[in-house]
Amino acid sequence: MTDSKYFTTTKKGEIFELKAELNSDKKEKKKEAVKKVIASMTVGKDVSALFPDVVNCMQTDNLELKKLVYLYLMNYAKSQPDMAIMAVNTFVKDCEDPNPLIRALAVRTMGCIRVDKITEYLCEPLRKCLKDEDPYVRKTAAVCVAKLHDINAQLVEDQGFLDTLKDLISDSNPMVVANAVAALSEIAESHPSSNLLDLNPQSINKLLTALNECTEWGQIFILDCLANYTPKDDREAQSICERVTPRLSHANSAVVLSAVKVLMKFMEMLSKDLDYYGTLLKKLAPPLVTLLSAEPELQYVALRNINLIVQKRPEILKHEMKVFFVKYNDPIYVKLEKLDIMIRLASQANIAQVLAELKEYATEVDVDFVRKAVRAIGRCAIKVEQSAERCVSTLLDLIQTKVNYVVQEAIVVIKDIFRKYPNKYESVIATLCENLDSLDEPEARAAMIWIVGEYAERIDNADELLESFLEGFHDESTQVQLQLLTGIVKLFLKKPTETQELVQQVLSLATQDSDNPDLRDRGYIYWRLLSTDPVAAKEVVLAEKPLISEETDLIEPTLLDELICYIGTLASVYHKPPMSGPPLTTSSVQMGAVDLLGGGLDSLVCHGCPLDDIGGTNFVAPPTAAVPASLGAPIGSGLSDLFDLTSGVGTLSGSYVAPKAVWLPAMKAKGLEISGTFTRQVGSISMDLQLTNKALQVMTDFAIQFNRNSFGLAPAAPLQVHAPLSPNQTVEISLPLSTVGSVMKMEPLNNLQVAVKNNIDVFYFSTLYPLHILFVEDGKMDRQMFLATWKDIPNENEAQFQIRDCPLNAEAVSSKLQSSNIFTVAKRNVEGQDMLYQSLKLTNGIWVLAELRIQPGNPSCTVRAPAPTLRPWSLPFVPCQGVVLVEDAVQASLQAWLEPESVRSLKRTFLESFHIHPVRLPR
Amino acid sequence: MIHSLFLINCSGDIFLEKHWKSVVSQSVCDYFFEAQEKAADVENVPPVISTPHHYLISIYRDKLFFVSVIQTEVPPLFVIEFLHRVADTFQDYFGECSEAAIKDNVVIVYELLEEMLDNGFPLATESNILKELIKPPTILRSVVNSITGSSNVGDTLPTGQLSNIPWRRAGVKYTNNEAYFDVVEEIDAIIDKSGSTVFAEIQGVIDACIKLSGMPDLSLSFMNPRLLDDVSFHPCIRFKRWESERVLSFIPPDGNFRLISYRVSSQNLVAIPVYVKHSISFKENSSCGRFDITIGPKQNMGKTIEGITVTVHMPKVVLNMNLTTTQGSYTFDPVTKVLTWDVGKITPQKLPSLKGLVNLQSGAPKPEENPSLNIQFKIQQLAISGLKVNRLDMYGEKYKPFKGVKYVTKAGKFQVRT
């Protein structure tokens, strides 16, 4: 009696027959029919037409039948939402059943029915089940919250299920805790910003307790959650590590790897001098090695992670080289990973063993593996200097085998060895040249040509060799063509007399007969160099090349640190951080939460590409590419400096205007340089921009946008660049600004993030604007009001600073400040000192009051900002769109007002008003 | 978490699918088939594949692919461990994990999968809990069920589900109380051409078969526990006790389970019980070669080495082999180029050997690669690491159990380079 009989009914009237059986009176027949339906469902047959008939079977006390019907419901409810409602009553009833198994089953199944209408009915039973006396029901209900959140997140939040779920972290049953953590983690993943898993020492303690008692899967959830916690000091880190370490001996490899993640992360916080640090390092090795004796799929994931771990902390596995030796019957994906790790662990101590192994691998059957093994020998030579000689002789042995792909791969790596150890192994060139004819892969051909060109003076027949490649020039790949061009030019520079014809030939091939712009451009550069100044050409083309280092294949340290936090995840398998969140690496380009014009990520990523291409494998390029770059840059920046000076001087009347500063360097914006400053004149703020095109193409279609900022600054008009900006042209634009944009508190307060678009790309930069552009013209407060307000301002809203070296008297100060819209309300003389009472008002209606005490040559200033309670009083003056916005802005700036940054900024305004240029502002 | 599961046989048919969240179309498996095609060999399909909207994480077990579909970030090891657990469960329930067995029991399979995972979170994966929920099929039960109309689904909450010892059910009763332990050690080794050891380590496990009534609390101690420095434990073992006293103290699950697995690392000297003398050579410019291997005992601690088989993947240009053997029998498959020599036992008086001629494809160049010899063997009553159980004590129950320990050493990945 097997289930295979259910598969035999594939005739036409099958559905009809099943329908009849489902409606049979006999229980047994019904059950058999449902089984047949399920069997059809499992193989992907559509049996949704039987929905009402199957649902009719739900009312039963036979648990197996009930489960089967539930299975069916979960699969098809989505396509038959109206019918699914029929099942609701039974679910609700089952949630009250005395048997916890049935209660749990009901709540679990309801969560799987992804129909909006059903979720409404689910809330009450779910609430009850979350507080059920039986932990089995509670843990099932915890998962159900995650399911429901996936269907209708708003509902879950409104019903307060998230809080109940958080409470379950303190449940007495470890399994319930584990499931609550799992559910919260899943919900948190779809809301990265939410602070669902609020970890603090108390909750961490609860998790650690549950860790010891829950199932293996629960342990994984808890460990992954722990890894997100940042201990407050090294002692806490150590105590967590101590409690996590026993997990390293778990039979489940996922538990082990999650524990490794927690330990690797928290180890960062421990001092290296600590005894415990050493103990921990020792404890990490055995479990990692053990992972390698598991099934090949587990090995693969483990190896990808070990690859990260050995880069971060090579000391952990430095004695375990042998376990990474490749076994004959390992799957290829395991072999390749092991090889990679072997190279990373290679050191002077074990290089002999490693080389012997690699040589063994180079005679294996699998071509990919053999290639990588040969390449690995080259990498060893570069990494371990003492072994270079042995590596080279091993490679020569391999070349003797004459196996085509081995020879080609060997030549590629020997080229790298030449780069690392110049003038050391050139004796092998003769052997290499013997194999010239057998090379058919572009990379190997290019490598060989490079070698011939580089050492042309030592190879007697270099011209013949290179000429032989030239015959089929147009059939070669770009890589080979470029290499050949450079190679022949090198040859010419070394042996000019006999190769004149050859170089003419290659230059004309590259510039006249090729459609490849790279090749053509390089050809022209060489041509011009050679024809104008052969000495310079020699300097450029035969320049000393930077040494190659073994670090080239290492993961960049910041990325590595990030990846270490993702040990055990998919990110660790691909060695790429998870997709969420753009990589904010460059300091000048800081984007807030909003990506203004889209494409922010791309522009960041693309910067590096052209450079990588040049500096990487194709290393002949740097000297040539360096020429145009060094030509263009200094002149351009010199010019803009000049402009800066003039514009700075020209607008000195009115309020203080800072000289234009470069906001966006041309390097970061594909040739567009933006510098600018802010001005305020008669009530209008403007941003004075200077756009310079330093690229070689015309720029058009300019547009500008601001991110939300503290004072709602926004462009009042579109960016008007009337004519296309041709190369090396500069335009000056004054962009009027308004303060009616959206408001968001920035850090620091006067930070402004700007996006500029042109026909090439979108660029981002951020700049700090001077606060005084926000001081409005009606900022003079009534004297009475001033007195009343001054007294009411609480002390904590007060800041003081001193201004040194100010040779002005009270009148001069007063008038200077007035030009920046800081008004003198009253003046008095106390004990020989002039006291000035100043007021200013910001565009968002906030008043700032100040008291200036002027001793001869030493004015000091007390600044007071009104307390938030005075807000209504300042409201009527606010030129803004809506009340909510205003309140936000006021709140934000009031809170921020007394932060040191704002005080500094205000002080700066004072200083600038006096035309004192602060070199460095004292704190 | 785990979204869906597809079971695929070697000919590329998806014969079962299960979805724990919304339904994912079968077409997602096309990416898997693509990778499979690229890998050529079934064993070389990469376990993690990314597709535009999902990740596919798969394992290959018993000629079946278990392909799971993942949509959010999830530890891949978690998924792979779980998939192996699913395969183990099928093995446990149906005696074999094969397409036929799964199709024969498709409803139970479906019930099991539903029980093992909820919304992608593992629910019950312990075999003894599952067996309380869903009874394994037996001929007797299916006959009884069809007569009485009763079902094979348990309707009470499994007792182990929530206790602190989820691996054991309450109320276990046996008339004969027995506890057996198998210490099984496998030698993984790479031996180079000259016979010296490149790499060797021992992978050991202690498998237990415990049939004891009630709630027995066992302590297992070793003569030389210091050998065990890299151990993975079954969750039932009290870790603290091991750390402080080097004693395995535990309340065992009922039935068969793996108590510990351990590794005796390559730093320690590993005894290699056999040696192979070999001479495999191909003549330049002629279509034949010579093949000669002899196998003999080395450090076998005075025990008989038995069940020896030698497997050799010969180079592709080999057409056929004409060999004579002094012992056992050999086969050569001209399609896969695999030579298998079933040797049997070694008797030191007369060492088994296999020699003769190799016929090569005429005109083809001399093969570059040297074939590796894969050796299998078994030694009864010996744990090659020297590990020995000292005693087993039982607390918490009054009866006297019958106890036994068996040792066996086998070749794991034991490879001789030529």
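- Under an unreviewed UniProt entry, the name given to chain B is AP-3 complex subunit mu-1, and the source organism is Macaca mulatta.
- Under Sequence similarities (unreviewed entry), UniProt gives the following word-for-word description of chain B: "Belongs to the adaptor complexes medium subunit family."

### Brief notes about the overall build of chain B
Okay, step 1: Counting its regular elements, chain B contains 7 helices and 23 strands.
Okay, step 2: Classification of the 418 residues of chain B by burial places 57% in the buried group.
Okay, step 3: Of all intrachain contacts in chain B linking residues separated by at least 6 positions in sequence, the fraction that spans at least 24 positions is 68%.
Okay, step 4: Counting every atom, chain B has about 17600 Å² of accessible surface; 51% of that belongs to carbon and sulfur.

### Let's talk about the overall build of chain A
Okay, step 1: When you go through chain A residue by residue, the secondary structure sums to 39 helices and 13 strands.
Okay, step 2: Counting across all 923 residues of chain A, residues that qualify as buried make up 55%.
Okay, step 3: Relative to all contacts within chain A whose residues are 6 or more apart in sequence, the contacts with residues 24 or more apart total 66%.
Okay, step 4: Carbon and sulfur atoms make up 53% of the accessible area of chain A, which totals about 39500 Å².

### A look at the nonpolar core
Residue and element names in this part refer to chain B.
Okay, step 1: F66 and F90 are the most contacted members of the largest nonpolar core, which has 277 residues in total.
Okay, step 2: Two domains each put at least three residues into this core: domain 1 (1-146) and domain 2 (176-268 + 383-414).
Okay, step 3: With residues up to four places along the chain from it excluded, the contact list for F90 reads L7, F66, G95, E96, C97, I102, V109, L112 and L113.
Okay, step 4: Ranked by size, the runner-up nonpolar core spans 74 residues in total, among them L218, F233, V343 and L360.

### Things to note about the interface of chain A and chain B
Okay, step 1: On the side of chain B, 94 residues touch chain A, which itself brings 97 residues to the contact.
Okay, step 2: For the pairing of chain A and chain B, the buried interface totals around 8300 Å² over both sides, and the portion due to carbon and sulfur atoms is 59%.
Okay, step 3: Interface area lost by chain A to chain B is led by W217, Y328 and L570 of chain A, which between them contribute 10%.
Okay, step 4: For the pair chain A and chain B, the interface holds 11 salt bridges.
Okay, step 5: With a closest N to O distance of 2.7 Å, K67 of chain A and E115 of chain B form a salt bridge.
Okay, step 6: Summed over the shared surface of chain A and chain B, the result is 21 residue pairs in polar contact (both at pLDDT 80 or more).
Okay, step 7: In the side of chain A that touches chain B, the residues fall into 50 nonpolar, 22 polar and 25 charged.

### Some words on the pattern of salt bridges
Okay, step 1: Under the defined criterion, the tally for this structure stands at 54 salt bridges over all chains.
Okay, step 2: Between R371 of chain A and E409 of chain A there is a salt bridge whose closest N-O contact spans 2.7 Å. Within this pair, whereas R371 of chain A is found in helix α21 (residues 367-383), its partner E409 of chain A is found in helix α23 (residues 404-420), the two being separated by 38 residues in sequence.
Okay, step 3: Bridged by salt links that share partners, the residues K67, R108 and K147 of chain A together with K18, E114, E115 and D118 of chain B form one connected network.

### Concerning the pairing of strand β11 (residues 833-841) of chain A
All names here are of chain A.
Okay, step 1: For β11, a buried count of 7 out of 9 residues is recorded, marking the element as mostly surrounded by other parts of the structure.
Okay, step 2: By the bridge criterion, 7 bridges tie strand β10 (residues 823-830) to β11 in an arrangement that is antiparallel. Counterpart to R828 in the pairing with β11 is M835.
Okay, step 3: Connecting β10 to the antiparallel partner β11 that follows it, the hairpin turn spans 2 residues, and E831 within it adopts a positive phi of roughly 45°.

### With respect to the sheet that holds strand β9 (residues 197-211) of chain B
All names here are of chain B.
Okay, step 1: In spatial order, the strands read β11-β13-β9-β8-β23-β21-β16-β19-β18; together these 9 strands make up an open sheet with mixed pairing. One side of each edge strand has no neighbouring strand; the edge strands of this open sheet are β11 (231-233) and β18 (329-333). For this sheet, the mean inter-axis angle between neighbouring strands, taken without regard to orientation, is 15°.
Okay, step 2: Examined bridge by bridge, strand β8 (residues 178-191) and β9 share 14 bridges and lie antiparallel to one another. Within β9, the residue paired with I190 across the bridge is F199.

### As for helix α17 (residues 275-291) of chain A
Given 3.6 residues per helical turn, the α-helix brings residues three or four places apart onto the same face.
Okay, step 1: Of the residues making up α17 of chain A, those classed as buried are Y276, Y277, L280, L281, L284, A285, P287, L288, V289, T290 and L291 of chain A.
Okay, step 2: Elements that come into contact with the buried residues of α17 of chain A comprise α15 (234-244), α16 (253-267) and α18 (296-312) of chain A together with β11 and β13 (255-264) of chain B.

### Comments concerning the side chain of D217 of chain B
Residue and element names in this part refer to chain B.
Okay, step 1: Along the polypeptide, D217 turns up in strand β10 (residues 217-222).
Okay, step 2: There is a polar contact of 3.0 Å between the side chain of D217 and the side chain of R238.
Okay, step 3: When sequence neighbours within four positions are dropped, the list of residues in contact with D217 reads R238, S249, F250, I251, D393, M394 and Y395.

### Considerations on the packing of aromatic side chains
Residue and element names in this part refer to chain A.
Okay, step 1: Under the defined criterion, the tally for this structure stands at 26 aromatic pairs over all chains.
Okay, step 2: For the ring pair F51 and Y72, a centre distance of 5.9 Å and an interplane angle of 45° mean the geometry is tilted. A residue pair is termed long-range when its members are at least 10 positions apart, and F51 in helix α3 (residues 51-56) and Y72 in helix α4 (residues 63-76) qualify at 21 residues.
Okay, step 3: For Y72, a relative accessible area of 1% gives the class buried.

### Describing the packing of helix α12 (residues 174-190) of chain A against helix α13 (residues 201-213) of chain A
Residue and element names in this part refer to chain A.
Okay, step 1: Following both chains from N to C, one finds α12 and α13 inclined at 115°, their axes separated by 9 Å at the closest point. In this structure, α12 crosses over α13, and the sense of that crossing is left-handed. For the pair formed by α12 and α13, the contact residues are P174, M175, V177 and V181 on the first element and L207, A210 and E213 on the second.
Okay, step 2: Among the residues forming the contact of α12 with α13, the class breakdown is 6 nonpolar, no polar and 1 charged.

### Some words on the sheet that holds strand β1 (residues 661-664) of chain A
Residues and elements named next belong to chain A.
Okay, step 1: Spatially, the 5 strands line up as an open sheet ordered β1-β2-β3-β6-β5, and their pairing is antiparallel. Of all the strands in the sheet, the pair left with one neighbour each is β1 and β5 (714-715).
Okay, step 2: Here 2 bridges tie β5 to strand β6 (residues 730-738), and the two strands are oriented antiparallel to one another. Looking at the pairing, P715 lines up with L737 of β6.

### Concerning the pairing of strand β2 (residues 14-19) of chain B
Residues and elements named next belong to chain B.
Okay, step 1: Counting buried positions along β2 gives 6 out of 6 residues, so the element sits mostly inside the fold.
Okay, step 2: Looking at chain direction, strand β1 (residues 2-9) and β2 are connected through 5 bridges and run antiparallel. Among the inter-strand pairings, S4 is bridged to a residue of β2, identified as H19.
Okay, step 3: Where β1 hands over to β2, the hairpin turn is made up of 4 residues, of which G12 adopts a positive phi near 85°.

### Things to note about the confidence of the model for chain A
Residues and elements named next belong to chain A.
Okay, step 1: On average, residues of chain A score 77 in pLDDT, and 80% of them reach the 70 mark or higher.
Okay, step 2: In this model, residues 580-653 is a region of pLDDT below 50 whose contacts with residues beyond four sequence positions or in other chains number 82 contacts.
Okay, step 3: The low-confidence segment residues 915-923 (pLDDT under 50) makes 14 contacts with residues lying over four places distant or belonging to another chain.

### Here we look at helix α9 (residues 135-151) of chain A
Residue and element names in this part refer to chain A.
Okay, step 1: For α9, spanning 17 residues, the distance from its first C-alpha to its last is 25 Å, which sits close to the expected 24 Å at 1.5 Å a residue.
Okay, step 2: When you tally the buried positions in α9, you get 15 out of 17 residues, the bulk of the element.
Okay, step 3: Between the side-chain oxygen of the N-cap and the backbone nitrogen of Y136 there are 2.8 Å, and the N-cap of α9 in question is D134.

### Description of the confidence of the model for chain B
Okay, step 1: Across chain B, the average pLDDT comes to 86, with 93% of residues at 70 or higher.
Okay, step 2: Overall fold confidence for the complex sits at a pTM of 0.69, while the interface term, ipTM, reaches 0.85.

### So, a negative patch on the surface
Residue and element names in this part refer to chain A.
Okay, step 1: On the surface, E464, E467, E471 and E501 cluster together into a negatively charged patch.
Okay, step 2: Within the element layout of this structure, E464 appears in helix α26 (residues 462-470).
Okay, step 3: The exposure class assigned to E464 is exposed, which follows from its relative accessible area of 54%.

### Thoughts on unusual backbone geometry
Okay, step 1: Phi at D701 of chain A is positive, roughly 55°, even though this residue is not glycine.
Okay, step 2: Within the element layout of this structure, D701 of chain A appears in the loop between β3 (684-693) and β4 (703-706).
Okay, step 3: Owing to a relative accessible area of 52%, D701 of chain A belongs among the exposed residues under this scheme.
Okay, step 4: Backbone geometry places N119 of chain B, a non-glycine residue, at a positive phi of 55°.
Okay, step 5: For N119 of chain B, the location among the structural elements is in the loop between β6 (117-118) and β7 (121-122).

Reading guide: rules and limits
Residues numbered from 1 in each chain as written. Chains lettered and ligands numbered in written order. Predicted model: local features only at pLDDT ≥ 70, side-chain atom pairs only at ≥ 80, totals over all residues. Heavy atoms only, no water. UniProt positions renumbered as here; feature names shortened; annotations may be inferred. Helix = DSSP H or I, 4+ residues; strand = E, 2+ residues; numbered from the N terminus. Buried < 20%, exposed > 50% of the residue type's maximum accessible area, 1.4 Å probe, protein only. Contact = heavy atoms within 4.5 Å. Areas by Shrake-Rupley, 256 points an atom, 1.4 Å probe, with all protein chains shown as cover. Core = buried A, V, L, I, M, F, W, Y, C linked by side-chain atoms within 4.5 Å. Domains from an automatic or database assignment. Buried area = accessible area lost by both parts, 1.4 Å probe. Salt bridge = Lys/Arg side-chain N within 4 Å of Asp/Glu carboxyl O. Polar contact = N/O pair within 3.5 Å; in protein donor to acceptor, adjacent residues only side chain to side chain. Nonpolar A, V, L, I, M, F, W, Y, C, P; charged D, E, K, R; others polar. Pairing = 2+ DSSP bridges. Axes fitted to C-alpha atoms, helices over the stretch in contact; angles between N-to-C directions. Phe/Tyr/Trp six-rings, centres within 6.5 Å; stacked < 30°, edge-to-face > 60°. Left-handed = near helix turned anticlockwise from the far one by under 90°. pLDDT = per-residue confidence, 0-100. Expected span 1.5 Å × (residues − 1). Patch = residues over 30% accessible without salt bridge, like charges linked within 9 Å, V, L, I, M, F, W, Y side chains within 5 Å. Lys, Arg positive; Asp, Glu negative; His and termini not counted. Charge placed at Lys NZ, Arg CZ, Asp CG, Glu CD.

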